[in-house]
Every structure is written in C-alpha cells, then in structure tokens.
Amino acid sequence: MNIKTLLIAPYPGLKELASTLAKEQQELDLTVVQGDLQEAIASVKQHEKEGFDLVISRGGTAQLLRQHTSLPVIEIQVSGYDILRILALVKDYHANHWIIGFTNICQGFVSVSNLLDIQIPYTIIHDQKEVDEAVKQAKAAGAQTIIGDTITCKTAEAHGLHSILITSGKESVIEAFEQAKQTYQMLKNATREAKRYKQLLQQSYVAAAIYNEHGIIEYASPSFQNRLQRMRTDADESSIYTYFPFLDNECQTLCQAIAPVEIGYTCTINEEQVHVHQGCLNIDPQENRYYVRLSENTESYRGHGLTVSVIQPVMRSFSQIIGNSDPVQAVIHQGKHAAMHDEPIALYGEQGTGKKTLAGIIHCESKQTEGPLLFVRITGDDDQLIDRLHAIFTCAKRGTCILQDIEQLPMTRQDDIARLIPEATARLIFLFEDSPTHLLRQKQLSPHLFRLFKPNQIRLPSLREYMDDLGEYVRKFIAQHNAKYGKQIVGIDDNALKRLHHRDWKDNLQELDEVIEQAVQAARHEYIRTEDLTAIGVFGPGNHCWLDLHKPLAEIEKEIIWKVLQEEDMNQTKAAKRLGINRSTLWRKLK
C-alpha cells in the first residue's frame, strides 16, 4: 500500500518540480497543491479528512502547518546546492543584498559565502512575525534586494525592495521524499508496537487508565471501565477527578519528581474500599501523562528503594487516645509538645504499638496540616533514592512525611539523608521498633541523623505496660467491629477479660484488634465469652489460631489466605508459594 502524501508548494516552481519528480516515486501516492501560509492551512485541513499519512512542505509554511495539523510534516530543507545556486546568481549583482531567514538558512549561507569570499549581511529570525521588522531594518541599513523564502520576498516587495526567492532544487525534494518514507515506516512500527501494548492491557485484568495533566482520561482498560461503572456519577465522566478527586493536588508534582515510583492511596467510594496507585509517564515533554492503577491491596513495586503512600490519619486528635495509665498519658503529653514545632521527630516502640497512628495525630494537631500526610517506607538502596527523597521532602509543603526502615540503609546513605533535612519543607517523623540510642550504639543508625531528632524522641509503650486500660481498648474495638459486621455485642465478660490479661500480646494493640475482630465474628451471645476466645485459638499453647470453625469451609479457607497475606506483608507471590497455589488461584479464592 502506497504512502498517501500531500505536498504543499509555497511557490509555482516547486509545485511543477514536485509534480514531475512524483512520477518517479513508486512508494508515495503524491498529491501536489500550491499554497502559502493561510492557504496551506485551509488545504491541509481539507485533505486531512481524506486519510493522508504525511505532509511535505518547506520553510515558514512547513513550520506553520505543524501547528495546525496532527499529521507529520516533512520539511524540504535548503541544501548546499540551493545556496550555491543563489550565490552564483547574485555574485555579480551591484545591488546591496540582505539575507533574512531562520538560523539554519542564514548559517548555511554564511558558511558557503565565506568560502567563496562573498560577504552578504543577514538577519536571523525565529518566527514569521519577525519578518516585517527585519525587512524594515534591512531597508534602513541600505539593503536593495532581500534574499529569503516566500513570505520574506512578499514582505520585501511590499516595502518597495527587490527580492530573490531561495528555491529548492531536485536533490532537496528527493531528499524530502526519502525522509517521508523513513518517517512513515517509523510511525508504522510505533503504531504497531502501541497496538500490541494496548491489546495486552485489553486482554489482561489490570485496571488501569491514562490521563493528561487536566485530568481528561485518554485510555482506560476494560477492567478499569468496569470498576468505574460501579462508581458512576452525574459529573463529568471523562475526568479522572470525578472518581478520584484527591488526585487533583500537589501530589501530581511529586509524581513527576519521583517517577517511576508510584504514590499509593486507599479510599472508600460507594462503600467499596479502593486501592489506587498513581504514577507519571514522562513520554511527552510538552504535556505530562499520568496513570492510575487499581488493585486489591496496597502493594506497590518495591524495586526503586522506597514506596510512597498518601494516608488518612486513623485518629485526628489526642483526645481520641484511650487510657488513663501513666505510660499512655506520658505519650499524650510528649505528642502535644511535638505538635507545637516542626523539628524532626523519632517515634519508637514494638510492632503494633500505634506509631503511625500517633504520627497522624501530630500531623493533624500541628500547623503543618495543609499538605499531605505521606508514608514512605525504605525498601532498599538505590542510586536515585536520595534525589527522590529530596523531592518528597520539598514537594510535600506544609505536610508531614513519615519514614520507616531508614536504619536498613548503609551509613553513608543515612548521612546523605541527614544533609537533606535542613532543606525539607515537610515535617519529618521517623519510625523505629528499636530505640534510636540502641541503634546508634549498634552502628545501625547514622550519628548525623540521630543528632537531628535526638531532643524529640517519643517511646510508645507495649500493651503489657498499660494493662489497666485493656478493658477500654477491648470495648472500643468491639464497637468498631460491631459496625463492620452488623453485630450487637455489648461487651466482654469478666472471665474472658481476665484471660486476656495473661496473654503475651507480641504485636500489641494491632494483635488485640485482630483478636477482638475474630471474637466479634465468633460470638453467639451478647457478651464475648471465654469459649468464644477458645474457639478462635486465643488460649491455645503457643497457638494464635483465630479461625471460626463454625463457618463453612470456603469462608475458613478465605480467612486462612488473608492471614497468610498479612504475615507476608501482602506479598502475593510469597503468600501463594507458602500456600502451594498460584497467584490467580489465590485471588479467585478470595472473591
């Protein structure tokens, strides 16, 4: 199939030459028309509807056409032969000549004329709008003949000057034909490749969409479209912000800065929990493109040294913290003090003690609440890690950045991070399970980093240290899970509560929450009883089984899968391997 090509000639001679040469072109189906500037625009718009593949033109006309057509525009260049012919024509003229043209034309003329010892003044223009003023200045300088392209010659004659048109020879036109063939082949290959990727997305179960910086959705996979059907609103359905308004914020700038790292969000839409992963596609320097990927969990790709999530605070005020014991009140007092300044803070304590929850309260109770609350987890060392952290520290203005697992990095990398902190516009809160002082002694924590948050350390006590408050936490979790599961449990009997006092609570409040959740589901009476806790394995020797054996086999199987996923930090591959099934089977059983 021939390449359907439109050639727009700005002057009659080029039309005649191109028409003659077109007869020798077997791969090009050429249509040659004459037109300059506005005439050319009207012509290309008319022919664009007829399925043309390419446009060929020259000079200012070619540049103008690029702004008004989506078709590729090939420019007929001014060759060395074209320049030599013009110089040979004017070398014996006695009139004062002046060249006016774009950089490539003027530099070509200067290079060749210097070799021939022909001195012709010139003016470089960068836009067709500059032609009139350039001609005026040349005339004022004594120019009598202007050398240039079609629009330059017309402008010169309008000002009463002679003009010489820089024409294109046979070799320049043939070179443009060859470039058109190469361009078409490249576009054909790129289109074929794009179709392959699109087909891959169409046939996969990935729920993904691409949108521009204005939020307009340019592509959505079938899986993504199906999810949107369940979120349909009366607003503009072509905008990603209709469905996910939280994407329209300063995190868009952060997305560009840390690409290809994604930013994760968890939200509830129409009572459905949705995990959203936002990324930036740096494929167009003129306009950024972004993508959204929906998933069943919060897992992000960890191959870039860190994961980034925008999180919603579990609690927003110190008044929401339960407990009157001294250890809890001490945390509240220190937390209120930390919220009054924006210096780096270190929160440390065993797993499940509520470090991230306290960080969220400090964010909400401070003056740094206008920006996002970011949770950044260090997953490994990476060459771009420091640059990405610098972007996070400075893009999250008036916000808070929570960092976890920073002690896993080499000491030199920690020192690099310490040097970034003075420039940070976000509040920085570091989370540790072990005491920072102990980590420093074990040479796992940089002295430079430690020095920055040394005055602002808060230790969160283990649940074992404030067992007097256990009953209050149990009642709080019962109320939460009653609402979640539609139950009407009114409390826990004394014997069951006493038994809970003797549990080790290795994972602290997190473990207590999980136990009460399972107990609420298992309870068959108004109060949680000892037999309910026994049924879910709370009191088994060394056994933390939480299964409700009264449920159907399919539901028990689903709970086992979720438990393994949680223990494997939501890593689907590891969980599936441990269970002896593949990933697709894993998610099919969870549906």
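Treat the numbers as computed from the prediction; the structure is a model and nothing was measured.

## Quick look at the overall build of the chain
A count of helical and extended segments in the chain gives 24 helices and 21 strands. Counting only C-alpha atoms, the chain reaches 115 × 55 × 40 Å along its principal axes. Evaluated residue by residue, the chain yields a buried proportion of 50% over its 591 residues. For the chain, the share of sequence-separated contacts (at least 6 apart) that also reach a separation of at least 24 residues comes to 65%. Carbon and sulfur atoms make up 49% of the accessible area of the chain, which amounts to about 30400 Å² in all. Separation between the mean location of the 64 positive side-chain charges and that of the 76 negative ones in the chain comes to 3 Å.

## Some remarks on the nonpolar core
Counting 59 residues, the largest nonpolar core has F224, F244, L389 and I392 as its most contacted members. Examining the composition of this core, we find that 6 residues originate from one element, helix α14 (residues 385–395), more than from any other. Every residue in contact with F224, bar those within four places of it in the chain, is listed here: A207, A208, A209, I240, F244, V292 and L294.

## Side note on the environment of H501
Here H501 is to be found in helix α19 (residues 494–501). Taking the relative accessible area as the measure of exposure, H501 reaches 35% and is therefore partly exposed. Separated by 30 residues in sequence, H501 and G471 place their C-alpha atoms 9.4 Å apart. Apart from the residues lying within four places of it in its own chain, the contact partners of H501 are M467 and L470.

## A closer look at helix α8 (residues 170–203)
A rise of 1.5 Å per residue sets the reference length of α8, with its 34 residues, at 50 Å; its end C-alpha atoms lie 50 Å apart and thus fit the reference within 8%. Listed as buried for α8 are S172, V173, A176, F177, A180, K181, T183 and Y184.

## Here's the deal with the confidence of the model for the chain
In this model, the chain carries an average pLDDT of 88, and 94% of its residues clear a pLDDT of 70 or more. Note on residues 541–545: pLDDT is under 50 here. Beyond four places in sequence and across chains, it has 8 contacts.

## Regarding unusual backbone geometry
Here the amide bond leading from A259 into P260 is cis, since omega sits at 10°, within 30 degrees of zero. Unlike most non-glycine residues, R398 shows phi in positive territory, near 60°. Positionally, R398 belongs in the loop between α14 and β17 (400–404). Its relative accessible area of 37% is what places R398 among the partly exposed residues. With a phi angle near 60°, K443 is a residue other than glycine that sits in the positive phi range. Checked against the element boundaries, K443 lands in the loop between α16 (436–441) and α17 (447–453). Given a relative accessible area of 68%, K443 falls into the exposed group.

About the cut-offs
- Along each chain, numbering runs from 1 in the same order as the chain's sequence is written.
- Where local features are concerned, this predicted model is filtered to residues with pLDDT of at least 70; where side-chain atom pairs are given and counted, the filter is 80 or more; whole-chain, interface and lining totals use all residues.
- With hydrogens and water excluded, all non-hydrogen atoms of the structure serve as input to the side-chain values.
- Only DSSP runs of H or I with at least four residues qualify as helices, and only runs of E with at least two residues qualify as strands; both kinds are numbered from the N terminus onward.
- Here's how the labels work: a residue is buried when its accessible area is under 20% of the maximum for its type, exposed when over 50%, partly exposed in between, all with a 1.4 Å probe on protein chains only.
- The contact criterion used is simple: two residues touch if any of their non-hydrogen atoms lie within 4.5 Å.
- A 1.4 Å probe and the Shrake-Rupley method give the accessible areas. Residues count as covered only by the protein chains that appear here.
- Here the positive residues are Lys and Arg and the negative ones are Asp and Glu; neither His nor the chain ends is included.
- Charged groups are reduced to one reference atom each: NZ for lysine, CZ for arginine, CG for aspartic acid, CD for glutamic acid.
- Buried residues of nine kinds, namely Ala, Val, Leu, Ile, Met, Phe, Trp, Tyr and Cys, make up a nonpolar core once their side-chain atoms join them within 4.5 Å.
- In this scheme, a helix's expected span is set at 1.5 Å multiplied by one less than its residue total.
- A score from 0 to 100, pLDDT tells how confident the predictor is in each residue.

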